[in-house]
Amino acid sequence: MKQIAFIDIGAGFKGAHNTGFLDLLCKYSKTQEADITIITHQALSKEWQYKLSNQKISFVRVFDTDIFGLNIDSSTSTQINDYILQLSQEYKLAFKALVDLYPEGKVQLVFHTMSWEHLMALGLAIKGSLNERFIYNVFLMYWCGINEALQYEDPKLVLNYKVALKRLKSYENVRLYTSNQEYLLAFQKLMSYKTQIDLHPFFLGDWHADGIRKRQNNDDSKNNILLYSGEIKKEKGFYELPDILSKLKNKWHQNSIVTIHLSKKDLNKKQKNIVSQIKEINPTTKTIAKFLSTEDMLTLYDQCNLVVLNYDSISYKNKTSGVMWLSIQAGATCIVSEDTWMHRELSAFGLKYMIIDNKKLIKRVNSSKFTSSNKYIQTIYQPFWQWILKL
């Protein structure tokens, strides 16, 4: 039987993203097809320990690093080095635990959502405890400082990634993956095109879904609009939502159903005021203010024909969006900010979408490039669990 270990330094730590992967693992992995272990943070709750045990997924609580405790922009070099060294020691403990759990045979280790600091720590840990039975599958989740034109936009970030990956790429049993073609080309340039890098499928949604959901009538005047989803952040355009909603209703969607999903229920005065303004514009607006399980999240996206991503075009020029990936998998039409990674990715997919330009005007974009045989879409939206089993 396939032996698979997910190494997740944040699993069980505070924050929606850190419980989200656990939820996906419990819902979609199949223990009759693989012997599964997850290495988690020590803060993993008894509730999650029970859920994992109930699904016959082994777990070992190893990590003690505060994943939110390091601010790269304000931390000293000593603080960054201490963080990396501590994390590398914890990776070594994880490897030791896996040797005990899997005394023989190949083991596929999966490291998702890796930043350059994590890569640096992982390289140090592998150097001190290299095991030929382990295959290290590393997901390069974040932007490396090289833009879509393959220019060095953030030289300091490029250097950090170069140093971090120099050791990792020297190990034959390390496999590198990115989440999208733009990042793949950037990382290839960063490593002088000599290192093999592949794409991994989207894993924040349904692990068994094959392709994107086909819908009809996404452009009708009667739609269900998901106006916002996730943590409240200025750079995600939360405070501009009343203006965006007004323009949508005035121009196209007068009779639409509107939903906003906020991952917390305790809002401050300014945030409550924004919600009130939205409800003045659309009195029937449905507000969901809580963390949603995987099942509830996918149901929400399946119900919505239009998803608004009014993200700041500077902050999200090179950043990816899980919300957009989920929306595409659900077959919804995305409304995204112009000159962002989201804008370029939708164009690469050849999908119909709408843009919010720099003057906050909303425009339709009708692409003629989409075909069901689009190899890029087929790669990104292939069933993640089946892909894992083939590693």
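Every value quoted in this text rests on a predicted model; they were computed, and no experiment measured them. (Residues numbered from 1 in each chain as written. Predicted model: local features only at pLDDT ≥ 70, side-chain atom pairs only at ≥ 80, totals over all residues. Heavy atoms only, no water.)

Caption draft 1: The overall build of the chain, seen in detail. Scanning the chain for helices and strands turns up 13 helices and 14 strands. Dimensions of the chain, computed from the C-alpha atoms along their principal axes, are close to 65 × 50 × 45 Å. Counting only residues that meet the buried cut, the chain has 55% of its 391 residues in that class. Sequence separation of at least 24 residues holds for 73% of the intrachain contacts in the chain that already meet a minimum separation of 6. When the accessible surface of the chain is summed, it comes to about 18,200 Å², and 48% of that surface belongs to carbon and sulfur atoms. With 50 positive and 38 negative side-chain charges, the chain shows a spacing of 2 Å between the two charge centroids. (Helix = DSSP H or I, 4+ residues; strand = E, 2+ residues; numbered from the N terminus. Buried < 20%, exposed > 50% of the residue type's maximum accessible area, 1.4 Å probe, protein only. Contact = heavy atoms within 4.5 Å. Areas by Shrake-Rupley, 256 points an atom, 1.4 Å probe, with all protein chains shown as cover. Lys, Arg positive; Asp, Glu negative; His and termini not counted. Charge placed at Lys NZ, Arg CZ, Asp CG, Glu CD.)

Caption draft 2: Structural detail: the packing of helix 9 (residues 294-303) against helix 10 (residues 322-329). Two numbers describe how helix 9 lies on helix 10: the axes approach to 9 Å, and their chain directions differ by 65°. The handedness of the crossing between helix 9 and helix 10 comes out as right-handed. For the pair helix 9 and helix 10, contact is made by Met297, Leu298 and Tyr301 and by Val323, Leu326 and Ser327, respectively. Grouping the amino acids of the contact of helix 9 with helix 10 by side-chain chemistry returns five nonpolar, one polar and no charged. (Axes fitted to C-alpha atoms, helices over the stretch in contact; angles between N-to-C directions. Left-handed = near helix turned anticlockwise from the far one by under 90°. Nonpolar A, V, L, I, M, F, W, Y, C, P; charged D, E, K, R; others polar.)

Caption draft 3: Structural detail: the sheet that holds strand 2 (residues 34-41). An order of 3-2-1-4-5-6-7 is seen for the seven strands of this open sheet, with the pairing classed as parallel. The open sheet is flanked by strand 3 (58-63) and strand 7 (197-199), the only strands paired with a single partner. With strand direction ignored, the average angle separating the axes of adjacent strands in the sheet is 25°. Looking at chain direction, strand 4 (residues 107-114) and strand 5 (residues 134-140) are connected through six bridges and run parallel. (Pairing = 2+ DSSP bridges.)

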